[in-house]
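# Summary of structural features
In case you want the letters, here they are:
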Amino acid sequence: MTGRTAVHTQEQMLAQRRDARLRAQCSLSGMQLYAQIAIGLSLYLFDHVSTPGYLSLLLMLPYLALLCALAQFVKKRAGSAEDPFFFAVGKRTGRMLMLPLILIHLMDALLLFFSLCAIAGDVMPDMSPMWVALFIALVTALSLSTSHLRQPQAQMAHMLRWLVAGMLGFCMLAAIPHGSAAHFFPLLGYGPGRIVRGGCWMCGSAAGAVWPMLSPAGTDSADRRQLFPALMRGWGAGVITMLFSVWLMPVYFMARPETLGWRLLVLTNMTPSVAAWSLEVVGLMLLMLLCLSASVSQAAGLTARCVGKRQAPPLWGMIFTLCLIPAGAFALPGIQRFLTNAAPWRGAAALAVLLVMAFGAAVKKEKSPAKEDAA
Amino acid sequence: MSETAWVPQPSGVIAGDYRQNLGMIRSAAHAEDSEDVIVHEFQVLGHDAALLYVDGLVSSQQIQQFFLEPLLRASEPGKDISLVFHLTHAVLPLASLTPTFQLSTLLTRVFSGDAALIVDSMDGALIADVKGFARRGIDQPINETVVAGPHEGFSESLRDNIVLIRRLIRTPALISEALTVGDKVPTRLCLMYLDGIARKETVDEVRRRVEGCRVDYVSSLGMLEQLIEDDPWALLPQAAMTERPDRAVSFLQEGQTVIVMENAPAVLAVPVGLIHLYHAPDDSALRWQYGTFLRLLRLAGMLIALLLPAVFIALTVFHPEGMSLSLLTSVVESQARVPLSLFASMLIMLLFFSLINEASTRVPGAMGASLSIVGGLILGQAVVEADLFSPLILIVVALSGLGSYAAPSFSLTLSLRIAQLLLVLAAGIGGYLGLALALFWLLTQVFSLTSLRFPYLAPLSPVRPANPDSVLRMPVWRQRLRGALANPFHMTRVSGRMRAWDHPGKEKP
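## Considering the overall build of chain A
Helix and strand counts for chain A come out as 16 helices and 0 strands. Residues classed as buried in chain A amount to 56% of the 375 residues present. Taking as baseline every contact in chain A between residues at least 6 positions apart, the subset at least 24 positions apart corresponds to 83%. Surface exposure of chain A reaches about 15,700 Å², of which carbon and sulfur atoms provide 67%.

## Digging into the overall build of chain B
What chain B contains, in helices and strands, is 15 helices and 12 strands. Compactness check: chain B gives a C-alpha radius of gyration of 30 Å against a globular reference of 23 Å for 509 residues, more than 25% above the reference. Expressed as lengths along the three principal axes of its C-alpha atoms, the size of chain B is roughly 105 × 70 × 40 Å. Considering chain B as a whole, with its 509 residues, one finds that 49% of them fall into the buried category. Within the structure as shown, chain B displays about 24,200 Å² of accessible surface, and the carbon and sulfur contribution to it stands at 61%. In chain B, 39 side chains carry a positive charge and 47 a negative one; their mean positions are 12 Å apart.

## Some points on a nonpolar patch on the surface
Residues and elements named next belong to chain B. The grouping of L296, L299, L303 and L472 at the surface amounts to a nonpolar patch, some 300 Å² of accessible area in total. With respect to the helices, strands and loops of the structure, L472 is situated in the segment after β12 (454–455). A relative accessible area of 32% places L472 in the partly exposed class.

## Overview of the sheet that holds strand β10 (residues 267–270) of chain B
Residues and elements named next belong to chain B. Taken together, 5 strands build an open sheet; the order of strands is β6-β7-β9-β10-β8 and the sheet is antiparallel. Edge positions in the sheet fall to β6 (174–181) and β8 (240–242), since each of these pairs with one other strand and no more. Strand-to-strand twist of the sheet, defined as the mean angle between neighbouring strand axes without regard to direction, takes the value 25°. Pairing of β8 with β10 involves 3 bridges; the strand directions are antiparallel. Bridge pairing links M241 to L268 in β10.

## As for the pairing of β6(B)
All names here are of chain B. As judged from the 8 bridges shared by β6 and strand β7 (residues 187–194), these two strands associate in the antiparallel manner. Bridge pairing in β7 links A178 to C190. Linkage of β6 to β7, two consecutive antiparallel strands, is achieved through a turn of 5 residues, within which G182 is found at a positive phi near 110°.

## Here we look at the interface of chain B and chain A
Every contact between the two is made by 47 residues of chain B and, on the other side, 44 residues of chain A. Buried surface at the junction of chain B and chain A, summed over both partners, amounts to about 3,900 Å²; 72% is from carbon and sulfur atoms. Counting the surface chain B buries against chain A, the share from its top three residues, B:L433, B:F440 and B:F447, is 19%. Along the contact surface separating chain B from chain A lie 0 salt bridges. Scanning the region where chain B abuts chain A turns up 3 residue pairs in polar contact (both at pLDDT 80 or more). In terms of residue count, helix α15 (residues 410–448) of chain B provides more of the side of chain B that touches chain A than any other element does, 16 residues in total. By residue class, the composition of the side of chain B that touches chain A is 27 nonpolar, 15 polar and 5 charged.

## Concerning the domain arrangement of chain B
Domains assigned within chain B are domain 1 (18–129), domain 2 (158–282) and domain 3 (287–454). Taking the mean C-alpha position of each, domain 1 of chain B and domain 2 of chain B sit 34 Å from one another.

## What about the nonpolar core?
Within the largest apolar cluster, 201 residues are counted, with the highest numbers of intra-cluster contacts made by A:F85, A:I136 and B:I165. If one sorts the elements of this core by residue count, helix α3 (residues 84–123) of chain A sits on top with 23 residues. Of the domains in this structure, domain 2 (158–282) and domain 3 (287–454) of chain B are the two that each give at least three residues to this core. With 26 residues, the next largest nonpolar core counts B:V215, B:I259, B:L268 and B:L485 among its residues.

## Digging into the pairing of β10(B)
Of the two faces of β10(B), the one holding B:V267 and B:A269 and the one holding B:L268 and B:V270 are both buried throughout. Linking two consecutive strands that pair antiparallel, namely strand β9 (residues 257–261) of chain B and β10(B), is a turn of 5 residues; a positive phi of about 70° is found at B:N263 within it.

## Section: the pattern of salt bridges
Residue and element names in this part refer to chain B. A complete count under the given rule lists 30 salt bridges over all chains for this structure. A salt bridge links R209 to D230, with the nearest nitrogen and oxygen atoms 2.6 Å apart. Of this pair, R209 sits in helix α6 (residues 200–211) while D230 sits in the loop between α7 (221–228) and β8; the two residues are 21 residues apart in sequence, bridging distant segments of the chain. Owing to a relative accessible area of 11%, R209 belongs among the buried residues under this scheme.

## Observations concerning the sheet that holds strand β1 (residues 37–44) of chain B
Residues and elements named next belong to chain B. On the basis of which strands lie adjacent, the open sheet formed by 5 strands has the order β1-β2-β4-β5-β3 and antiparallel pairing. Lying at the two open borders of the sheet, with one neighbouring strand each, are β1 and β3 (98–100). Geometrically, the sheet is characterised by an average inter-axis angle of 25° between neighbouring strands, direction not taken into account. By the bridge criterion, 4 bridges tie strand β4 (residues 114–119) to strand β5 (residues 125–129) in an arrangement that is antiparallel.

## Quick notes on the packing of aromatic side chains
Residues and elements named next belong to chain A. Applying the stated criterion across every chain yields a total of 5 aromatic pairs over all chains. Aromatic side chains Y44 and W201 sit 5.6 Å apart centroid to centroid with 15° between the ring planes, which places their arrangement in the stacked category. One end of the pair, Y44, is in helix α1 (residues 10–48); the other, W201, is in helix α6 (residues 192–205), and 157 residues separate them in sequence. Taking the relative accessible area as the measure of exposure, W201 reaches 2% and is therefore buried.

## Observations concerning the confidence of the model for chain B
All names here are of chain B. Mean pLDDT over chain B stands at 87; residues scoring 70 or higher make up 97%. Confidence scores differ between elements of chain B, with helix α13 (residues 365–385) showing the lowest mean pLDDT of 75 and β9 the highest of 96. Two numbers describe this predicted complex: its pTM, 0.86, and its ipTM, 0.90.

## Remarks on the environment of B:L126
All names here are of chain B. Inspection of the secondary structure assignment puts L126 in strand β5. In this structure the C-alpha to C-alpha distance between L126 and I304, which are 178 residues apart in sequence, comes to 62 Å. L126 has contacts with L87, T88, L92, L97, T98, P99, A115, A116 and L117, leaving out every residue within four places of it along the chain.

## Things to note about the packing of helix α10 (residues 288–318) of chain B against helix α12 (residues 342–362) of chain B
Residue and element names in this part refer to chain B. Between α10 and α12, the least distance of the axes is 10 Å, while the angle of their chain directions is 165°. The angle between the axes of α10 and α12 places the two elements in the roughly antiparallel class. Crossing of α10 against α12: the hand is right-handed. Between α10 and α12, the residues in contact are P309, F312, I313, T316 and V317 and L342, F343, M346 and L350, respectively. Among the residues making up the contact of α10 with α12, the classes are represented as 8 nonpolar, 1 polar and no charged.

Calculation notes
Residues numbered from 1 in each chain as written. Chains lettered and ligands numbered in written order. Predicted model: local features only at pLDDT ≥ 70, side-chain atom pairs only at ≥ 80, totals over all residues. Heavy atoms only, no water. Helix = DSSP H or I, 4+ residues; strand = E, 2+ residues; numbered from the N terminus. Buried < 20%, exposed > 50% of the residue type's maximum accessible area, 1.4 Å probe, protein only. Contact = heavy atoms within 4.5 Å. Areas by Shrake-Rupley, 256 points an atom, 1.4 Å probe, with all protein chains shown as cover. Rg over C-alpha atoms; globule rule 2.2 N^0.38 Å. Lys, Arg positive; Asp, Glu negative; His and termini not counted. Charge placed at Lys NZ, Arg CZ, Asp CG, Glu CD. Patch = residues over 30% accessible without salt bridge, like charges linked within 9 Å, V, L, I, M, F, W, Y side chains within 5 Å. Salt bridge = Lys/Arg side-chain N within 4 Å of Asp/Glu carboxyl O. Pairing = 2+ DSSP bridges. Axes fitted to C-alpha atoms, helices over the stretch in contact; angles between N-to-C directions. Buried area = accessible area lost by both parts, 1.4 Å probe. Polar contact = N/O pair within 3.5 Å; in protein donor to acceptor, adjacent residues only side chain to side chain. Nonpolar A, V, L, I, M, F, W, Y, C, P; charged D, E, K, R; others polar. Domains from an automatic or database assignment. Core = buried A, V, L, I, M, F, W, Y, C linked by side-chain atoms within 4.5 Å. Phe/Tyr/Trp six-rings, centres within 6.5 Å; stacked < 30°, edge-to-face > 60°. pLDDT = per-residue confidence, 0-100. Parallel < 35°, antiparallel > 145°, perpendicular 65-115°, else oblique. Left-handed = near helix turned anticlockwise from the far one by under 90°.

The structure is reproduced here in structure tokens:
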């Protein structure tokens, strides 16, 4: 006697699937945020803010909360029946507002691509940067060619998040005996100006994180209750990485002109653990590849929305990826300088877009549920 | 030889003139050319009659007992009773007697082991199931042996295989739906599913795909699998083949559809996920502690098989700085007198291992063991003593080989071996970068894969409500759900407590 069992309806099934997709999307956003923070630490923070980098990361939190709140407001006003961009500012302006977002995602992708090439250059110094860039772009493009239907990046991020967390934990455990609390001093660094500038730079890292909340009508869009905790996990992992990096690195190492790749692998470069080194190198490369593929895919998706298509053809993502090759292939010092200077502006651009949208949404009448249903 | 398209089963209607019909059937059945196609002519109640069958496919005893003897002793039909009615209701004591008017149906059934009777002044033919061909009995499964659990395996007989499943699920809700596949030489198969558990849409999709196969002949279940799977280019199998009735039943219980095909000593279950290929048949027959331990061991084995050779090559060839001094010294010492590079040695040894495996599978049983000993032990020792390969390479290849055998599915083992070679190639070309790129590409492929449009990695990714029986095997009494992969109609298996006796007063759900 097993009793009466309830029927699993089609609606329940669809709800479960939608929920799973949303959770996966949130995990991907958290992971992308972590990757951008890790790059930001190595590209800017260690040079300019060093020991009190955690304060700059703290400054990022209100910005992230503000972005989430604005996006949530727009989404709530727009309802689920219409594209939030078009609802808030109309079709023409909405499409124009998408352009800076495409650039933000492409900038994220460029930073990831450049960092990946830097790590590869550090661990494979004998390999030609041209080949490295070509291989990375080719594999990313290939992954995008098969992934346009099922968006495996989000699923992969959701499943591999424990692996990434475990990898980080393992590397940190291996690194504990080799650090010193003295490296944290001076605790407040070298003045508030630098910390604020560091905070602005870090805000740029969060610019691409909240857009899953504003996905087009008819598709799943995460809400604040799901997205913000996932972003907080990514942010928390970034803070821990920051603290451990400072714990391990004496100040003179930070002042030395170490390569970007060396800094990205700082957790294991400072420890003699074989397993931790191998794990972090492969794990970090996988993480960056995943985020690179996701950023390019998001840029392609936004471009498709911009021209009124429902889905981006896989070729677009592939073309975007192949456009990144020169940045890694020639490893020009100018590119690193450009990235360091341009990256913080992502934060300002994202905030401006959201403010315009929020204003547009505020002056518009809220969608009634009946109209939504009709639509 | 005819120059027109080959149509082995010509169409036509059996009606009208008896002689003309008989001629048509003789010609279509190639009765003059095939010595085993028998057309036995005789008289029934003053009418000419012919019995058509294939010698060897039918039981001679049944032909004699249920056809010839009753027909020759038949009494005249009463007034106003037709000959067909008289024959079917009063003369022939056969429950399976069915009339047909189509020549193609007659030929299909006769060449499947039935016998057909045509009588002058009677339209159509009467067909009866009198199969009696030699077939293999029910035996132990060869490729899916278990420690705990039943030891019965499927055979090549469609009917026997259906019976084996029916014996385990004694409910009318178990539906067995007959289909054929193959345009010119039809092969019979049967879709089995549990009504009320399996989704109608899923069964419809399986049926649509089977009926949509445009092929002249399907010789094996593997061929059918390739014709109906979602992505034929993918490395991983998207259907599970099993030789075990208990495993087929567990698939049915999860809401999946099982395809039973004649002449196949296994059945095919769809949709499936990676998790189904990772589970061994006796996992659920063992206590959960043992099952979990074995699954973890299997997972470790599969990861070793996939990654160890590639990581070894990346570390030793490109990143020696990532190794401890003692390990590095041992690698350098063992490699010092070997003429081949580590990368080449690894590739050759992996291919050599696969060769021994393939050869020992193909040679007759008694020689297989000797070949394994010659290949594995004697040759292995000889190449190390001759300084052709480093002993470390042998250890890595042997460990990865052992790991690949831990995979319970043969298709999964082969997929692991191919992926292993790809990863070694990538690691040999680009070190950890190559390994990460290859791994990422493989992961993207696996995460994009579907089986009958259901995500291949569910319920792990996307996350679905499921029993604690995916990677680990948690206690049976906590497995209240059915696997969500096939989206069963009744997700809950049990609504009350399974160990109700342990909760006095709460026995009833």
